[in-house]
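The lines below spell out each chain.
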Amino acid sequence: MVSFAHSVARVATWNLAGYQYVSPDRMRRQVEGLALLDAEMVVLVELGSEDHLAGLSSGLAAFGLEYAQLFLAQPGGLHIGVLAKAGVALENARLVPGSQGAYESGRRALAFDVRIGAFAAHVLGLHLKSGRGSADQALRDTQCRAIGAYVDAYRAAEGQSRRTILMMGDFNMIPGQDVSNFHHLGGADVMDFVSSWDLQDRFSHILDLGRANLLDGFAISRTYATRYVRGSLRLFPMHWTMELGREAFRDRVSDHLPFTASFRIT
């Protein structure tokens, strides 16, 4: 086990708006944002390609921040990847079969095991169906049922029932609106949607005309999650940290802001 000099580690998730062309300037700004975030592990959603992830990693290396990469290609053009610092173990990565639900070209959940010091968890990186219409919510329901069933099966498996489960990424679900999505995604009442409670007065998705909402999500299994530092989940105000206005950040960096949470690792 690697010995860490600090008692907690930060994990984060961020949607990088990879549906847009990632220009060299946008890549440079995303690298700067990740360097400021300085998390031990980051689940990155909406990567345009594996080269996008590799470019972020090499850019961070220029700041003296060495990150290993985890990438499994999705069927469509947008992907989920992970960056992790030295000493963070990422294992057993796979795309969860059937987690696209009835949305055949949709992103699959990225599942993997992480260990940082004494902290260990099973992580699901998610990027669910977008859209605010009833048909979109119905498609998300099919994805959420499939992922919820996976969570139940994982929890029931021998030797895995006591492992912390984390969900993070772009849920494309608004607390209080997409009630059925949250209901199905939680499995048999396994998951605690911490972001819905701790960040209910905040926003993570920056829209045009000054609008914003909380589309991104972070959830922790209700049991065996004692290493989570309660109250540590935060929306990282990267636009402010980078001295950019909200709209400028949307245009030049991403239309989403990241989440961070802390876990005890000693």
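Refer to the structure presented above.
Reading guide: rules and limits
- Residues numbered from 1 in each chain as written.
- Predicted model: local features only at pLDDT ≥ 70, side-chain atom pairs only at ≥ 80, totals over all residues.
- Heavy atoms only, no water.
- Salt bridge = Lys/Arg side-chain N within 4 Å of Asp/Glu carboxyl O.
- Helix = DSSP H or I, 4+ residues; strand = E, 2+ residues; numbered from the N terminus.
- Buried < 20%, exposed > 50% of the residue type's maximum accessible area, 1.4 Å probe, protein only.
- Pairing = 2+ DSSP bridges.

Novice: Any chance you could explain the pattern of salt bridges here in plain terms?
Specialist: As a working rule, side chains carrying opposite charge can pair if their charged atoms are close by. Evaluation of the coordinates by the stated rule reveals nine salt bridges. One salt bridge in this structure joins aspartate 38 and lysine 85, with 2.6 Å as the shortest N-O distance. In this pair, aspartate 38 sits in the loop between α1 (24-37) and β2 (41-47) while lysine 85 sits in strand β4 (residues 79-85), placing the two residues 47 residues apart along the sequence. Judged by relative accessible area, lysine 85 falls into the buried class, the value being 18%. Glutamate 247 is the salt-bridge partner of arginine 246, the closest N and O atoms lying 3.9 Å from each other. Assessed through its relative accessible area of 22%, arginine 246 is described here as partly exposed. With relative accessibility at 40%, the residue glutamate 247 sits in the partly exposed group. Each member of the salt-bridge network shares a partner with another, and the members are Asp25, Arg28 and Arg29.

Novice: Honestly, the pairing of strand β12 (residues 216-221) in this entry has me stumped. Any pointers?
Specialist: As a general feature of sheets, a regular strand has side chains that alternate between the two faces. In terms of burial, β12 is a largely internal element, six of the six residues being buried. Every second residue of β12 is oriented toward a common face, with Asp216, Phe218 and Ile220 on one face and Gly217, Ala219 and Ser221 on the other, all of them buried. In this structure, strand β8 (residues 164-170) lies alongside β12, joined through five bridges in antiparallel fashion. Within β12, the residue paired with methionine 168 across the bridge is phenylalanine 218.

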